[in-house]
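Chains, contacts and geometry: an overview
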Amino acid sequence: MPDSQKESAFLFECAGEDLVGILHTTERAASVGVLIVTGGPQYRVGSHRQFVLLARDLAGRGVPVMRFDYRGMGDSSGVPQSFDRVDDDLQAAIDAMFARVSSLEKVVIWGLCDAASAAMIYGWRDDRVGGLVLANPWARTEAGEAKALIKHYYLRRLFSA
């Protein structure tokens, strides 16, 4: 890690729970930062080590980055939430990032899988979100699954010999 780059872990509050954030900063002031949001119950080892490496690389290029764990995921307290119920988590994370990086004007949310879907649901409502990077957005609801079953399974069976 370059000398000009710093990583710091901290706690911030969301709906009465403690969320764990890790902020990657540099000496250079930046107006745009990146919030990395992982999908589902992921952790910082194995294949998801890529987010640590991505954050360090971006910070090494002068872009402040924050990673965090939703309520009930990783090291954060609380009950796990589904992707369509994490607006409060995203808002709290962005609030925490803006409070710690005074030069920020906008944040880009980088989301994977259902976190990409969560970013789409949340991002358009927050003027501080200047962009989205969406990797494999995913959304599954009971209503959508039922509709797909009717269209692609039962309809075919109805007309089969």
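Structure report, in brief. (Residues numbered from 1 in each chain as written. Predicted model: local features only at pLDDT ≥ 70, side-chain atom pairs only at ≥ 80, totals over all residues. Heavy atoms only, no water.)

1. Side note on a nonpolar patch on the surface
Worth spelling out the cut-off: Patch membership needs two things, relative accessible area over 30% and no salt bridge, and members are linked within 9 Å if like-charged or within 5 Å if nonpolar (Val, Leu, Ile, Met, Phe, Trp, Tyr). Using a 1.4 Å probe, the Shrake-Rupley method yields the accessible areas, and only the shown protein chains count as cover for residues. The salt bridge criterion pairs a side-chain nitrogen of Lys or Arg with a carboxyl oxygen of Asp or Glu, the two atoms within 4 Å. Only DSSP runs of H or I with at least four residues qualify as helices, and only runs of E with at least two residues qualify as strands; both kinds are numbered from the N terminus onward. Classification of residues uses two cut-offs on accessible area relative to the type maximum, computed with a 1.4 Å probe and protein chains only: under 20% is buried, over 50% is exposed, and between them is partly exposed.
Taken together, the side chains of Met120, Leu132 and Leu134 define a hydrophobic patch exposed on the protein surface, amounting to about 220 Å² of accessible area. Following the sequence through the fold, Leu134 ends up in strand E6 (residues 129–135). Its relative accessible area of 32% is what places Leu134 among the partly exposed residues.

2. Details of the nonpolar core
The condition that has to hold: Only buried Ala, Val, Leu, Ile, Met, Phe, Trp, Tyr and Cys residues count toward a nonpolar core, and they belong to the same one when joined by side-chain atoms within 4.5 Å. We call two residues contacting when some pair of their heavy atoms lies within 4.5 Å.
Membership of the largest hydrophobic core comes to 28 residues, with the highest contact counts inside it found for Phe12, Leu35, Met66, Phe68, Tyr70 and Leu90. Of all the secondary structure elements, the ones that give two or more residues to this core are strand E1 (5–14), strand E2 (17–26), strand E3 (32–37), strand E4 (65–68), helix H2 (87–100), strand E5 (106–112) and helix H3 (114–123). A per-element tally of this core places H2 first, with six residues. With residues up to four places along the chain from it excluded, the contact list for Leu90 reads Leu35, Val37, Phe68, Tyr70, Ala118, Ala119 and Tyr122. In this structure, Ile36, Phe51, Trp110 and Leu112 belong to the second largest nonpolar core, which totals eight residues.

3. Focus: the sheet that holds E6
Applied cut-off: DSSP-based pairing: two strands are paired if at least 2 bridges between them are found. Only the contacting stretch of a helix is used when fitting its axis, a line to C-alpha atoms as for every element, and angles between N-to-C directions run 0 to 180 degrees.
The six strands lie next to each other as E1-E2-E4-E3-E5-E6, forming an open sheet whose pairing is mixed. The open sheet has two edge strands with one neighbour each: E1 and E6. Strand-to-strand, the axes of this sheet are offset by a mean angle of 20°, without reference to chain direction. Pairing geometry for E2 and E4, over four bridges, is antiparallel. Paired with His24 across the bridge in E4 is Val65. Its contacts with the sheet place H2 against E1, E2, E3, E4, E5 and E6, and it is angled at close to 135° to E1. Contacting E3, E5 and E6, H3 runs over the sheet at an angle of about 155° to E6.

4. A word on the packing of aromatic side chains
Heads up, the condition is: To pair, rings of Phe, Tyr and Trp, with the six-membered ring standing in for Trp, must have centres within 6.5 Å; the planes then decide the type, stacked if under 30 degrees apart, edge-to-face if over 60, and tilted in the middle. For a lysine, the NZ atom is tested; for an arginine, the CZ atom; a charge sits over a ring if that atom is within 6 Å of the ring centre and within 35 degrees of the ring normal.
Applying the stated rule across the entire model yields four aromatic pairs. Arranged with centres 5.7 Å apart and planes meeting at 85°, the rings of Phe68 and Tyr70 form a pair that is edge-to-face. Note on accessibility: Phe68 and Tyr70 belong to one class, buried. We note Arg128 situated over the ring of Phe98; from NZ or CZ to the ring centre the distance is 5.4 Å.

5. Digging into the pattern of salt bridges
When the charged atoms of two side chains lie near each other, side chains of opposite charge can form a pair. Following the criterion strictly, the structure yields six salt bridges and no others. Salt-bridge contacts for Asp95 lead to Arg128; the nearest nitrogen and oxygen are separated by 2.7 Å. One end of the pair, Asp95, is in helix H2; the other, Arg128, is in the loop between H3 and E6, with 33 residues separating them in the sequence. Classification of Asp95 by relative accessible area gives partly exposed; the value is 35%. The exposure class of Arg128 is partly exposed, given its relative accessible area of 21%. Across the salt bridge formed by Arg128 and Asp126, the nearest N and O atoms sit 2.8 Å from each other.

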